[in-house]
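Take a look at the letters that make up each chain.
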Amino acid sequence: MSDKHPSSWRAELGATLRLAAPLVLANLLWMAIGTTDVIFVALLGQEPLAASSLAVTQYMLISWALTGLTGAVAPLVAAELGRGRHAVREVRRSVRMAIWLAIGTGLAGVALCGWGEAFMRLTGQDPQITVRAGSFLSIIRWAIPAMVIATVQRTFVAALGKPFLATLITAVAVVVNAVGNWAFIFGHWGFPALGLEGSAVASVVTAYATVAAYALVIARDRRLGRYRLLGNWWRPEWQRLRELLRIGLPIACIIVAEGGFFSSAAYLMGRIGAAELAAHTVALQIAALAFQVPFGVGQAATIRVGFHFGAADRNRIRMAGKAALWTVFAFSFVGAGIMWVLPRQVLSLYVDLADPANARMIALAIQYLAVAALFQMFDGIQAVVAGALRGLQDTRMPLAIALFGYWLPGFGLSLGLGLFTPMGGLGVWIGLAAGLIVVAILLIWRWHRREALGLIPV
């Protein structure tokens with residue numbers, strides 16, 4: 001890191017912003033890849049779009065869980081850089097084992113996706129759409145190993161103080177994905193017109209091109225190249241692999257718990273009504289877009305806190321957490337204000353406000369965005385504090401907090417208010433807010449009690 005020892009809170013805030021800003025932009029660009037897929041597939045019609053949506057839901061949940069598992073390399077690398085002793089060798093060993101883990105779990109994810117079509121049938125989906133979704137999933141699943149490896153590479157360049165490389169490579173990936181969709185779906189440049197399956201092929205090509213781009217950049221950069229990440233790549237470091245699993249397994253479970261929580265809300269909305277489900281989908285997309293900022297700040301908090309954790313510097317651990325929290329506070333006020341004051345303008349980016357057929361859906365989406373505005377602060381807090389606690393290599397208790405908060409008060413209220421009161425979809429969103437608020441309060445309590453709980457070095 002270029003700023004190893006910030007001497008004040010202001011300096012730590014600057015370091016956090018310099019690290020978080022390119023990570024946030026990279027997250028937004030990654031969302032643009034998914035948006036590009038939707039745009040191209042939507043040109044094929046409603047049925048292909050529905051099929052791809054079913055397949056991508058499973059693909060993304062498995063992929064995100066595995067990137068959470070290998071994401072444990074972030075606090076390990078940051079701590080090794082903070083300690084400074086034999087940092088090059090120690091970092092290389094951690095990243096090597098993370099890549100091993102990425103390959104092994106990525107192939108397991110490919111195998112798990114093989115059961116995807118059967119799972120869709122069990123949930124009662126339309127048989128014709130299920131068959132098309134299964135065909136799409138059988139191709140796109142091969143992107144999982146590359147996607148997980150690329151996450152390890154991205155963590156490495158960010159921890160070494162060069163997060164802008166992640167932004168640059170993700171921007172290139174957006175272009176590669178768009179060109180791939182254009183070529184493989186419609187058969188341009190001599191490629192066969194594969195239709196829906198062409199979008200899946202484009203995703204696989206983009207994933208492996210991203211890995212290749214990271215490998216090239218790391219090898220050619222003087223500072224990154226000296227770590228020789230593939231040096232002695234065959235040599236196992238079993239203790240380090242166990243550390244990755246110890247920290248990473250709870251992170252993966254948290255992602256599944258949170259992803260399942262929000263996915264269950266969609267199923268509840270589907271039981272309430274089509275307009276409610278459509279409004280929920282649009283409002284959640286907007287909330288997910290806003291979430292990329294605290295998510296990126298949380299990633300930066302993991303690295304900054306982890307660095308000071310490795311250096312055993314209590315004061316700078318506190319400053320790193322404070323800097324990340326104040327950053328997300330400032331953004332949350334802006335994001336909440338936009339959703340609260342300008343909901344129709346935001347919705348106009350996704351739906352035609354002038355179409356009378358959308359009137360009920362728009363009215364419902366405005367209600368849901370009002371709730372989203374209210375929980376912006378808590379959503380940001382839970383993302384950032386979870387990231388800071390990961391920097392302290394504390395992931396087991398945050399998992400327990402996530403399971404409790406999301407599934408008891410959160411899903412319980414969504415189920416009760418959504419299906420058994422006249423509130424309907426609004427009740428589901430109140431439950432979503434309750435889950436986020438409970439998780440945020442419990443995580444911030446744990447962060448403030450970090451010394452008493454023995455989470456930081458003496």
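None of these values were measured; they are calculated from a predicted model.

Colleague: How would you sum up the overall build of the chain? Please name residues and give values.
Modeller: Regarding its fold elements, the chain presents 17 helices and 0 strands. The C-alpha atoms of the chain give a radius of gyration of 22 Å, which matches the 23 Å a tight globule of 458 residues would have. In terms of overall dimensions, the chain has C-alpha extents of about 65 × 50 × 35 Å along its principal axes. A fraction of 82% describes how many contacts in the chain between residues 6 or more apart in sequence connect residues 24 or more apart. Within the structure as shown, the chain displays about 19,700 Å² of accessible surface, and the carbon and sulfur contribution to it stands at 68%.

Colleague: Outline the packing of helix α1 (residues 9-42) against helix α7 (residues 144-159), supporting the account with residue identities and numerical values.
Modeller: One can describe the packing of α1 onto α7 by two numbers: an axis separation of 11 Å at closest approach and a directional angle of 160 degrees. Classed by the angle they form, the pair α1 and α7 counts as roughly antiparallel. Judged by the twist between their axes, the crossing of α1 over α7 is right-handed. Of α7, the residues touching α1 (which contributes L19, L23, A26, N27 and W30) are M147, R154 and A158. Of the residues in the contact of α1 with α7, the class split is 6 nonpolar, 1 polar and 1 charged.

Colleague: Go over the side chain of E12, please, and point to the residues and values.
Modeller: Note on placement: E12 falls in helix α1. A relative accessible area of 0% means that E12 is categorised as buried. Here H308 takes part through its side chain, which lies 2.9 Å from a polar atom of the side chain of E12.

Colleague: An account of the side chain of D379 is needed here, citing residue identities and associated values.
Modeller: For D379, the location among the structural elements is in helix α15 (residues 359-391). Lacking a salt bridge, the buried D379 has R390 as its closest oppositely charged neighbour, with an N-O distance of 11 Å. Looking at D379, its side chain comes within polar contact range of the side chain of Q382, at 3.0 Å. The contact partners of D379, leaving out residues within four places of it in the chain, are F291 and L436.

Colleague: Give me the lowdown on the confidence of the model for the chain, citing residues and values where you can.
Modeller: Interpretation of the predicted coordinates at a detailed level should be avoided for regions scoring low in pLDDT. Residue-level pLDDT values for the chain average 88, and 97% of them are 70 or greater. Looking across the chain, the model is least confident in helix α5 (residues 116-122), with a mean pLDDT of 81, and most confident in helix α17 (residues 425-448), with 95. Confidence drops under a pLDDT of 50 for residues 1-6, and excluding neighbours within four residues, the segment shows 19 contacts in the predicted structure.

Colleague: I'd love a proper account of the nonpolar core, names of residues and values included.
Modeller: Membership of the largest hydrophobic core comes to 128 residues, with the highest contact counts inside it found for L81, V95, F156, L392 and W429. Apart from residues no more than four positions distant in its own chain, L81 is found in contact with A87, V91, A159, L160, Y227 and F307.

Colleague: Let's hear about the pattern of salt bridges: which residues, and what values?
Modeller: Following the criterion strictly, the structure yields 14 salt bridges and no others. Here D221 makes a salt bridge to K162, at a shortest N to O gap of 2.6 Å. With a gap of 59 residues between them, D221 in the loop between α9 (196-220) and α10 (222-225) and K162 in the loop between α7 and α8 (164-186) connect regions that are remote in the sequence. For the pair D221 and K162, a shared accessibility class is recorded, and that class is buried. A salt bridge links D394 to R446; the shortest N-O distance between them is 2.7 Å. Linking D394 in the loop between α15 and α16 (396-420) with R446 in helix α17, this pair joins segments that are 52 residues apart in sequence. Pair check on accessibility: D394 and R446 agree, each one buried. A single salt-bridge network, built from bridges that share partners, covers E80, R89, E90, R93, R96, E237 and R240.

Colleague: Go over the environment of A15 with me, naming the residues and quoting the values.
Modeller: Within the fold, A15 resides in helix α1. Considered as a pair, A15 and G161 are 146 residues apart in the sequence and their alpha carbons are 9.6 Å apart.

Colleague: Outline the packing of helix α11 (residues 238-272) against α16, listing residues and values.
Modeller: Relative to each other, α11 and α16 sit at 5 degrees, their axes nearing to 9 Å. Looking at the two axes, α11 sits roughly parallel to α16. Along the lines of polarity and charge, the residues of the contact of α11 with α16 split into 16 nonpolar, 5 polar and 4 charged.

Rules used in this analysis
Residues numbered from 1 in each chain as written. Predicted model: local features only at pLDDT ≥ 70, side-chain atom pairs only at ≥ 80, totals over all residues. Heavy atoms only, no water. Helix = DSSP H or I, 4+ residues; strand = E, 2+ residues; numbered from the N terminus. Rg over C-alpha atoms; globule rule 2.2 N^0.38 Å. Contact = heavy atoms within 4.5 Å. Areas by Shrake-Rupley, 256 points an atom, 1.4 Å probe, with all protein chains shown as cover. Axes fitted to C-alpha atoms, helices over the stretch in contact; angles between N-to-C directions. Parallel < 35°, antiparallel > 145°, perpendicular 65-115°, else oblique. Left-handed = near helix turned anticlockwise from the far one by under 90°. Nonpolar A, V, L, I, M, F, W, Y, C, P; charged D, E, K, R; others polar. Buried < 20%, exposed > 50% of the residue type's maximum accessible area, 1.4 Å probe, protein only. Polar contact = N/O pair within 3.5 Å; in protein donor to acceptor, adjacent residues only side chain to side chain. Lys, Arg positive; Asp, Glu negative; His and termini not counted. Salt bridge = Lys/Arg side-chain N within 4 Å of Asp/Glu carboxyl O. pLDDT = per-residue confidence, 0-100. Core = buried A, V, L, I, M, F, W, Y, C linked by side-chain atoms within 4.5 Å.

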